[in-house]
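What the coordinates show
Each chain is listed here by its residues.
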Amino acid sequence: MQKATGKQREKLTLKLHSGYDRGLMAAVWILIIFGTCMIASTAVGQTTSNARAVLVTLGKQMVFILISYLAMWGMNRWFTIQRFSSLKWLIIGMYFLLMALCFAFPAVNGSQAWINLRVMTIQPSEFGKPLMILLVASSVWTMRRHPHLKVTYGQYFRIPLLFLLVDVLLLVMQRDFGTMTITVGIYLLCATIPDHRGIRKWQRNTLLAIALVVITVAVLMYSGVLAQILESIPGLQHIGVRIENTVNPYTDIYGDGYQPANALYGIGSSNILGRGFGNSARIFGYLTQADNDYILAVIIEELGIFGLGLLVACYGVIEYKLFGYALKTRDTVNKVILAGTGTYFFLHFLLNVGGVSGLIPMTGIPLLFISSGGSSLLAASVSIGMCQQVISRIRHRELNRRVLEVEFTQIRIGEQAAAGSGYEIRKERRDRRWQ
């Protein structure tokens, strides 16, 4: 009876699989707790009209954290690439259904990317990012079972390419170009990892094309030409305005440049050390998205270089762990999942920090684990749970095996050395007897 009870307790535990990386998990939890504190701080600006704003905000955030951890735990316990591959068409269908359902709800800030359930809103496009990683990994897993099959680039990545095409079309219709940029970036990085003779030429050409596109866009953007081109295209005028705000955010501080200019005012008023937690002036109506897209400006204004340093350190640990394990593993599927997730987090950090600081156009991308929003937190938590499952397998199956191989090699070398020294001793004794 005691053994059965022990097994039942083990099944009901909410701990992650043994072998998960504690450093990675610590960095994630520090970001979540820090983000919750900063979201509560931004809610202080709403207390002028709602005295319970801070409590309501904290309550919603706690619910989001609980749901996200359960999703992380479920992904960590359930996920295998085989199970995902068997259900991928069902998951793709559900994703596109939710994406199409967004058009039945009114636009928010010019974008129809949300499903409003009154109690909460859902942004389905956030889940397309980890789904893209898994689709590329599934393609690699499928082709690995047929190593001698001659395939082209289009055949190798047929399903991820079709998904990307439809997803980009829907994201353009939703006017969610930030998410589109990240999804495309995740695919391009993941597609360069597999090593197959039928796709190597396309992989080299893709990397060259990415470099040329980035250089061309940067030159056109800072020369002002790109903004003029986009402003003349219907539906893309707002992107042209954001590019103008990047070049000079103070041209229209009471109009389209109001948000980016106030973000820079908040950063500039931090005096390096910050004004103190809860003492931001920008949260009182100056930044309407202080708890989401522009939360970094509030962090720097209140906590200065210490708040920014904490963010950079935690994100640095996450990137170091994910790409570190990606380099250690010999399994290409694991490489795609870990490196793809690392790219996912890095692009979110890059686009948010770059947009708030005015280095690149603002794309409306949240700062993962920091900005408010249940969809982004849930998608990021699912990705971490998936990666922790992969890390557990790497530690149990690959790294432990390599340790045993090294120990076995050292034992063999020691035995050979001992045998060699014994032979020398016997030879020396034999030579003495002849003398």
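Predicted model, so just to flag it, every value in this text is computed and none were measured.

Phe79, Leu338 and Phe369 are the most contacted members of the largest nonpolar core, which has 100 residues in total. The biggest single contributor to this core is helix H13 (residues 295–328), with 13 residues. In contact with Phe369, other than residues within four places in its own chain, are Val28, Leu31, Ile32, Gly35, Phe345, Leu377, Ala380, Ser381 and Ile384.

Where helix H4 (residues 81–101) meets helix H7 (residues 158–174), the axes come as close as 11 Å, and the angle between the chain directions of the two elements is 10°. The orientation of H4 relative to H7 falls into the category roughly parallel. Where H4 approaches H7, its residues Lys88, Trp89, Ile92, Tyr95, Phe96 and Met99 are matched on the opposing element by Ile159, Phe163, Val166, Asp167, Leu170, Leu171 and Gln174. The residue makeup of the contact of H4 with H7, split by class, is 10 nonpolar, 1 polar and 2 charged.

To continue, consider the side chain of Thr36. Tracing the sequence through the fold places Thr36 in helix H2 (residues 22–43). On the basis of relative accessibility, which here comes to 7%, the residue Thr36 falls in the buried class.

Residue placement: Arg22 occurs in helix H2. On the basis of relative accessibility, which here comes to 61%, the residue Arg22 falls in the exposed class. Along the sequence, Arg22 and Gln388 sit 366 residues apart, while their C-alpha atoms lie 9.5 Å from each other.

Moving on, we get to H2. Counted at 1.5 Å a residue, the expected span for H2 with its 22 residues is 32 Å, and the 31 Å between its end C-alpha atoms agrees. Measuring from the backbone nitrogen of Gly23 back to the side-chain oxygen at the start of H2 gives 3.1 Å, which picks out Asp21 as the cap.

Look at H2 against helix H3 (residues 53–78): their axes get within 8 Å of each other, and the N-to-C directions meet at 160°. As far as their axial angle goes, H3 and H2 are roughly antiparallel. In this structure, H2 meets H3 at a crossing whose hand is right-handed. Residues Met25, Trp29, Ile32, Thr36, Ile39, Ala40 and Ala43 of H2 form the contact with H3, whose participating residues are Ala53, Val54, Thr57, Leu58, Gln61, Met62, Ile65, Tyr69 and Met72.

Let us look at the side chain of Ser111. The topology assignment puts Ser111 in the loop between H4 and strand E1 (115–116). For Ser111, a relative accessible area of 9% puts it in the buried group.

Below, the discussion takes up a negative patch on the surface. On the surface, Glu231, Glu244, Asp252 and Asp256 cluster together into a patch of negative charge. For Glu244, a relative accessible area of 35% puts it in the partly exposed group.

All right, on to the packing of aromatic side chains then. Per the stated rule, a full pass over the model turns up 12 aromatic pairs. Ring geometry for Tyr315 versus Phe349: centroids 4.8 Å apart, planes at 40°, classification tilted. Placement of the pair is Tyr315 in helix H13 and Phe349 in helix H14 (residues 332–357), with a sequence separation of 34 residues. Of the aromatic side chains, those joined through ring pairs into one cluster are Tyr153, Tyr156, Phe157, Tyr187 and Trp202.

Our next topic: unusual backbone geometry. Residue Arg175 is not a glycine yet carries a positive backbone phi of 65°. Examined against the element boundaries, Arg175 turns out to sit in the loop between H7 and helix H8 (177–191). The partly exposed category is assigned to Arg175, whose relative accessible area is 36%. Phi at Ile272 takes a positive value of approximately 70°, unusual for a residue other than glycine. Mapping Ile272 onto the fold places it in the loop between helix H12 (258–268) and H13. Assessed through its relative accessible area of 60%, Ile272 is described here as exposed.

Moving on to the environment of Asp293. Inspection of the secondary structure puts Asp293 in the loop between H12 and H13. Assessed through its relative accessible area of 11%, Asp293 is described here as buried. Distance in space between the C-alpha atoms of Asp293 and Pro366 is 5.1 Å, their sequence separation being 73 residues.

The topology assignment puts Thr216 in helix H9 (residues 200–223). Exposure remark for Thr216: the relative accessible area of 42% places this residue in the partly exposed category. Measuring from C-alpha to C-alpha, the distance between Thr216 and Leu226 comes to 9.9 Å, with 10 residues separating the pair along the chain.

On the surface, a nonpolar cluster with roughly 390 Å² of combined accessible area is contributed by Trp78, Leu87, Leu90 and Met94. When residues of the nonpolar patch are assigned to their parent elements, the largest contribution, 3 residues, is made by H4. Turning to its location among the elements, Leu90 is positioned in helix H4. A relative accessible area of 54% places Leu90 in the exposed class.

The next thing to look at is the pattern of salt bridges. When the charged atoms of two side chains with opposite charge come close together, those side chains can pair. As enumerated under the stated definition, the model contains 6 salt bridges in all. The residue Arg395 makes a salt bridge to Asp21 at a minimum N-O spacing of 3.4 Å. Of this pair, Arg395 sits in helix H15 (residues 374–434) while Asp21 sits in the loop between helix H1 (2–12) and H2, placing them 374 residues apart in sequence. With relative accessibility at 28%, the residue Arg395 sits in the partly exposed group. The buried category is assigned to Asp21, whose relative accessible area is 1%. Of the charged contacts, one joins Asp195 and Arg200 as a salt bridge, the two residues approaching to 2.8 Å between their closest N and O atoms. Residue class for Arg200 comes out partly exposed when judged on its relative accessible area of 37%. One connected set of salt bridges, linked through shared partners, spans Asp21, Lys321 and Arg395.

Rules of the game
- Residues numbered from 1 in each chain as written.
- Predicted model: local features only at pLDDT ≥ 70, side-chain atom pairs only at ≥ 80, totals over all residues.
- Heavy atoms only, no water.
- Core = buried A, V, L, I, M, F, W, Y, C linked by side-chain atoms within 4.5 Å.
- Buried < 20%, exposed > 50% of the residue type's maximum accessible area, 1.4 Å probe, protein only.
- Helix = DSSP H or I, 4+ residues; strand = E, 2+ residues; numbered from the N terminus.
- Contact = heavy atoms within 4.5 Å.
- Axes fitted to C-alpha atoms, helices over the stretch in contact; angles between N-to-C directions.
- Parallel < 35°, antiparallel > 145°, perpendicular 65-115°, else oblique.
- Nonpolar A, V, L, I, M, F, W, Y, C, P; charged D, E, K, R; others polar.
- Expected span 1.5 Å × (residues − 1).
- Polar contact = N/O pair within 3.5 Å; in protein donor to acceptor, adjacent residues only side chain to side chain.
- Left-handed = near helix turned anticlockwise from the far one by under 90°.
- Patch = residues over 30% accessible without salt bridge, like charges linked within 9 Å, V, L, I, M, F, W, Y side chains within 5 Å.
- Areas by Shrake-Rupley, 256 points an atom, 1.4 Å probe, with all protein chains shown as cover.
- Salt bridge = Lys/Arg side-chain N within 4 Å of Asp/Glu carboxyl O.
- Lys, Arg positive; Asp, Glu negative; His and termini not counted.
- Charge placed at Lys NZ, Arg CZ, Asp CG, Glu CD.
- Phe/Tyr/Trp six-rings, centres within 6.5 Å; stacked < 30°, edge-to-face > 60°.

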